[in-house]
Amino acid sequence: MKRQLLFSGLAVMAGLTLGSIALPGTTAEAKIHYTTTPKSFRGTWVNFSKDDINGTMYRYRSTAKITKYVYNYKYVVNGRTISKVNWSGKKKSHFYNHSDLSVKKGKNGRWRISQYGMKNNIFNTTYKRVKHNGKQALVSLDHYGDGTPLNLYYYKK
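Computed from a predicted model, the values in this text were never measured in an experiment.

### Focus: the overall build of the protein chain
- Along its length, the protein chain carries 1 helix and 9 strands.
- A separation of at least 24 residues holds for 29% of the contacts in the protein chain among residues at least 6 apart in sequence.
- Looking at the protein chain as shown, the accessible area adds up to about 11,500 Å², and 55% of this sits on carbon and sulfur atoms.

Below, the structure written as structure tokens:
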């Protein structure tokens, strides 16, 4: 009799253990989706420019470092960092259950690289890989606030 109770108790415990493992959604988390950048955009891309404003020379440098999972942008004027962003395709955003990075393919080879969920962020950029002055380049296809086109060419460093 004791032997029967022992075996039945073990069978019940084993059944409960296996049953809890087999139930969907009880122990497994949802698979995390990583956002990746296009292979042709990966690397370090730099744009240099200068402008004489009222007798003062300003030197501008924009750098976009793009890896498989990270978009890093930095804007420097006269050696002083003005702004920078670092979006990860692996790290979850503070605001959403998604990565910081959003990459969407558009028309004519254009790609929108932006911060996930932030449609009006000034760092959201549309890029296209082109040939400019005989070199491979990334062109950012943006515009000024009045709609005037602003195409900045970034060359591989």
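### Looking at the confidence of the model for the protein chain
- Here the protein chain averages 79 in pLDDT, and 73% of its residues register 70 or above.
- Taken as a whole, residues 1-7 scores under 50 in pLDDT and shows 0 contacts with residues more than four places along the chain or in a different chain.
- Counting interchain partners and residues more than four positions distant, the pLDDT-below-50 stretch residues 16-28 has 1 contact.

### Considerations on the packing of aromatic side chains
- Counted under the stated rule, the structure contains 8 aromatic pairs.
- Ring geometry for Tyr 71 versus Trp 87: centroids 5.5 Å apart, planes at 25 degrees, classification stacked. Residue Tyr 71 is located in strand E3 (residues 70-77), and its partner Trp 87 is located in strand E4 (residues 80-88); the two are separated by 16 residues in the primary sequence. Across the pair, exposure class does not vary: Tyr 71 and Trp 87 are buried alike.

### Quick notes on the pairing of strand E6 (residues 111-115)
- Strand direction decides the pairing type here: strand E5 (residues 101-105) and E6, joined by 5 bridges, are antiparallel. Across the sheet, residue Lys 104 finds its bridge partner in E6, namely Arg 112.
- Following E5, the chain reverses through 5 residues before pairing antiparallel with E6; Asn 108 in that reversal takes a positive phi of roughly 55 degrees.
- Direction of pairing for E6 relative to strand E7 (residues 125-132): antiparallel, over a ladder of 3 bridges. Paired with Ile 113 across the two strands is Thr 125, which belongs to E7.

### Description of a positive patch on the surface
- A cluster of basic side chains, namely Arg 61, Lys 65, Lys 74, Lys 84 and Lys 157, defines a positive patch on the protein surface.
- Using a relative accessible area of 33% as the deciding quantity, one classes Arg 61 as partly exposed.

### What about the side chain of Ser 62?
- Note on placement: Ser 62 falls in strand E2 (residues 56-66).
- One polar contact links Ser 62 to Tyr 73, side chain to side chain, over a distance of 3.3 Å.
- Setting aside its immediate chain neighbours within four residues, Ser 62 contacts Trp 45, Val 46, Asn 47, Tyr 73, Lys 74, Tyr 75 and Tyr 154.

Criteria and thresholds
Residues numbered from 1 in each chain as written. Predicted model: local features only at pLDDT ≥ 70, side-chain atom pairs only at ≥ 80, totals over all residues. Heavy atoms only, no water. Helix = DSSP H or I, 4+ residues; strand = E, 2+ residues; numbered from the N terminus. Contact = heavy atoms within 4.5 Å. Areas by Shrake-Rupley, 256 points an atom, 1.4 Å probe, with all protein chains shown as cover. pLDDT = per-residue confidence, 0-100. Phe/Tyr/Trp six-rings, centres within 6.5 Å; stacked < 30°, edge-to-face > 60°. Buried < 20%, exposed > 50% of the residue type's maximum accessible area, 1.4 Å probe, protein only. Pairing = 2+ DSSP bridges. Patch = residues over 30% accessible without salt bridge, like charges linked within 9 Å, V, L, I, M, F, W, Y side chains within 5 Å. Salt bridge = Lys/Arg side-chain N within 4 Å of Asp/Glu carboxyl O. Lys, Arg positive; Asp, Glu negative; His and termini not counted. Charge placed at Lys NZ, Arg CZ, Asp CG, Glu CD. Polar contact = N/O pair within 3.5 Å; in protein donor to acceptor, adjacent residues only side chain to side chain.

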